[in-house]
Amino acid sequence: MTSAIPLNVGITRSAGANAAGGKRVLLAEPRGYCAGVDRAVETVEKALEKHGAPIYVRKEIVHNRHVVETLRERGVIFVDETDEVPEGALVVFSAHGVAPIVHETAAERNLRTIDATCPLVTKVHQEAKRFARDDYDILLIGHEGHEEVEGTAGEAPEHVQLVDGPDSVDNVVVRDPSKVIWLSQTTLSVDETMQTVERLRERFPTLQDPPSDDICYATSNRQTAVKAMAPECDLVIVVGSRNSSNSVRLVEVALGAGAKASYLVDYAREVDLSWLEGVQTIGITSGASVPEILVTGVLDLLAEHGFGEVQPVTTANETLVFSLPRELRPARRDATSQS
């Protein structure tokens, strides 16, 4: 199953938008929840249903304030490390993935674990292990301190070197320039990542590419949709949290693609009405960990201020769905059993 089907992008100007003072909203599609986030949030919800509160989650299950606060109200306890979880309790690992040492420490404390790591992040972990076995130097493009980067690097710390953007390329040191490969955090800006790769390749001409794209299809799709609408926009509002890498990247992409202004908000109440002054076209999108209810809140607010015309800007149709962790899948019925 393909994750995205390219569609025609038609940004048209209605009579209302052409008229003096006409206002409109361009609504990016796709936006919001990706398959990995949907799976992770459902994992915690199903764990609550099956086991009851409290459920422990290491780190934020996904990087979104609303999601975390809503789950906390339902009895989820978020912790930084597994040593904060009572022995024998149930802990869920977040969508961003964890290093092997985290699994080991959980086992030492007899914790029951459910791993909600996004399968696309797991793919990068597998790549890191594979190339470490082959004794490559692995250049991991990503942001220092991000949970996904820590998890991936933890698979082969003696082989992985973090490259935090093009400006850090000059600091890279490798053992054998002929055995170097780059991998990346899944939620980066596609353009900035390729700028980093180009700089790396200038230093290491035989630098190898990952076996397949590491940047998540959903991250790429959301950036593509923003690029399609940004040149038409006086303002782009990105709904997402500040600790969400892919949401922050969308603001940068919007500005880089021609939007006159762009801001990140968690909730409609954070929209500064002064942003709307002199504005005719507003683009709206949301990060991959953002529930649609938050986008609806922003659209409702804008409608109250004259931006009632909403035009979708569709660049892909996402169809990918990930199965829940095996601990939460419905038990298979024996085909030969009688009811």
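Residues numbered from 1 in each chain as written. Predicted model: local features only at pLDDT ≥ 70, side-chain atom pairs only at ≥ 80, totals over all residues. Heavy atoms only, no water.

**Some details on the environment of Leu294**
Turning to step 1, where the next piece is worked out: Turning to its location among the elements, Leu294 is positioned in helix H10 (residues 292-304).
Turning to step 2, where the next piece is worked out: You can call Leu294 buried: its relative accessible area is 7%.
Turning to step 3, where the next piece is worked out: Remark: the alpha-carbon pair of Leu294 and Leu90, spanning 204 residues in sequence, is separated by 30 Å.
Turning to step 4, where the next piece is worked out: Contacts of Leu294, omitting those with residues within four sequence positions, involve Asn64, His66, Val239, Asp266 and Tyr267. (Helix = DSSP H or I, 4+ residues; strand = E, 2+ residues; numbered from the N terminus. Buried < 20%, exposed > 50% of the residue type's maximum accessible area, 1.4 Å probe, protein only. Contact = heavy atoms within 4.5 Å.)

**Structural notes on the pairing of strand E12 (residues 281-286)**
Turning to step 1, where the next piece is worked out: Of all 6 residues that make up E12, 6 are buried, and the element is covered over most of its length.
Turning to step 2, where the next piece is worked out: Side chains of E12 alternate between two faces, with Thr281, Gly283 and Thr285 and Ile282, Ile284 and Ser286 buried alike.
Turning to step 3, where the next piece is worked out: Two strands pair when backbone bridges link them, and strand E2 (residues 24-29) and E12 are joined in this way by 4 bridges, in the parallel orientation. Across the sheet, Leu26 pairs through a bridge with Gly283, a residue of E12.
Turning to step 4, where the next piece is worked out: The pairing of strand E10 (residues 235-239) with E12 spans 5 bridges and is classified as parallel. When the bridges of E12 are listed, Ile237 appears paired with Ile284. (Pairing = 2+ DSSP bridges.)

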